[in-house]
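# Tertiary structure, described
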Amino acid sequence: MEKGMEKKWGLPTALSMVIGIVIGSGIFFKAVKVLSLTKGNMSQALLIIGIVGMICVVCSNVFANMGRHYSKCNGLVDYAEVACGEKYAYFVGFFTSTIYNPVIAATLSYIGASYFCMMLGIEQYGQANTGIAILFMTIIVVMNMLAPKLAGKFQVGTTVIKLTPIVLMAVIGTIVGLVNGNGITIFTSPTVQSTDANGLFAGICAFAFAYEGWISATTINEEYKILKEIYL
């Protein structure tokens, strides 16, 4: 009987991996782009976020069902092989390994380094920024290679650290906005009521990439301890 990969990831790590990817750096700088495309229309911007979120829910349900039936170690490549054959899966694997994943990893490392430089008052987008990005990427790669369980705990910890201020800002900001009336003004001010359909479509296209990367979680679906418990 063929021995599968070690089951080392639990539900907290699985959730943190997906949440950490979806609520990543993209939603922060893409929000500005969406507001620009909708000409400051907050209602339209929230509609864009909702539409893209629903698209992700549908896509994630599809991949969840694929992961339930095909628990291997290649994720998207395995699903491509099942759906369209080995040749198509080869091209998918080639694309993800040479372009998709490297570009995402490099981009996130560089953006993370940019925020780090901003926090320390270091010039962004310079040599220091590039050096710090390389350092960040190296640390993450080494951690995942040599200490995967530690990497899982790191994922859970950083997700909690990231979500805590976001939740606090959302709750406190909503309460304060309702109390001082600014929250209502944002949605009712006639100066921001653009209904440009082109802006809506362009915003959906732009914000869709803010959630990108979660599909990478399927690559280690065979290593999740919780799949059988969830689906049986």
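Anyway, here's the lowdown on the structure attached to this text. Please read these numbers as outputs of a predicted model, since none were measured by experiment.

Between the first and last C-alpha of helix H6 (residues 127–146) there are 28 Å, a value that for 20 residues agrees with the 28 Å anticipated at 1.5 Å per step. Along H6, the positions that sit buried rather than exposed are Asn129, Ile132, Ala133 and Met143. Buried residues of H6, seen end-on, are gathered within an arc of 105° and therefore sit on one face of the element. Pointing more than 90 degrees away from the buried face of H6 are the exposed residues Gln127, Ile134, Met145 and Leu146. On the buried face of H6, the contacting elements are helix H5 (86–120) and helix H7 (148–180).

In this model, Tyr125 sits at a positive phi of 65°, which is unusual for a non-glycine residue. Secondary-structure assignment places Tyr125 in the loop between H5 and H6. A residue is classified by how much of its surface remains accessible, and Tyr125, at 58% relative accessible area, is exposed.

Another aspect to go through is the packing of aromatic side chains. Applying the stated criterion across every chain, the model contains 5 aromatic pairs. Plain terms: the ring middles of Phe63 and Tyr79 are 5.9 Å apart, the flat faces sit at 50° to each other, and that makes the pair tilted. One end of the pair, Phe63, is in helix H3 (residues 42–69); the other, Tyr79, is in helix H4 (residues 76–84), with 16 residues separating them in the sequence. Look at Tyr79 and you get buried, because its relative accessible area is 3%. Ring geometry for Phe116 against Phe136: centres 5.5 Å apart, planes inclined by 75°, an arrangement best described as edge-to-face. Of this pair, Phe116 sits in helix H5 while Phe136 sits in helix H6, and the two are 20 residues apart along the sequence. Residue classification places Phe116 among the partly exposed residues on the basis of a relative accessible area of 31%.

Our next topic: the nonpolar core. In terms of nonpolar packing, the biggest core is built from 15 residues, with Ile48, Val52, Phe207 and Tyr211 touching the most fellow members. For this core, the secondary-structure elements that each account for two or more residues are helix H2 (26–37), H3 and helix H9 (197–208). Looking at which element gives the most residues to this core, the answer is H3, with 5 residues. Ile48 has contacts with Val34, Thr38, Gly199, Leu200, Gly203, Ile204 and Phe207, leaving out every residue within four places of it along the chain.

Within the element layout of this structure, Thr96 appears in helix H5. Judged by its relative accessible area of 11%, Thr96 is buried. For Thr96, the side chain forms a polar contact with the main-chain oxygen of Gly93, separated by 3.0 Å.

Quick notes on the rules
- Residues numbered from 1 in each chain as written.
- Predicted model: local features only at pLDDT ≥ 70, side-chain atom pairs only at ≥ 80, totals over all residues.
- Heavy atoms only, no water.
- Helix = DSSP H or I, 4+ residues; strand = E, 2+ residues; numbered from the N terminus.
- Expected span 1.5 Å × (residues − 1).
- Buried < 20%, exposed > 50% of the residue type's maximum accessible area, 1.4 Å probe, protein only.
- Arc of directions from axis to C-beta.
- Contact = heavy atoms within 4.5 Å.
- Phe/Tyr/Trp six-rings, centres within 6.5 Å; stacked < 30°, edge-to-face > 60°.
- Core = buried A, V, L, I, M, F, W, Y, C linked by side-chain atoms within 4.5 Å.
- Polar contact = N/O pair within 3.5 Å; in protein donor to acceptor, adjacent residues only side chain to side chain.

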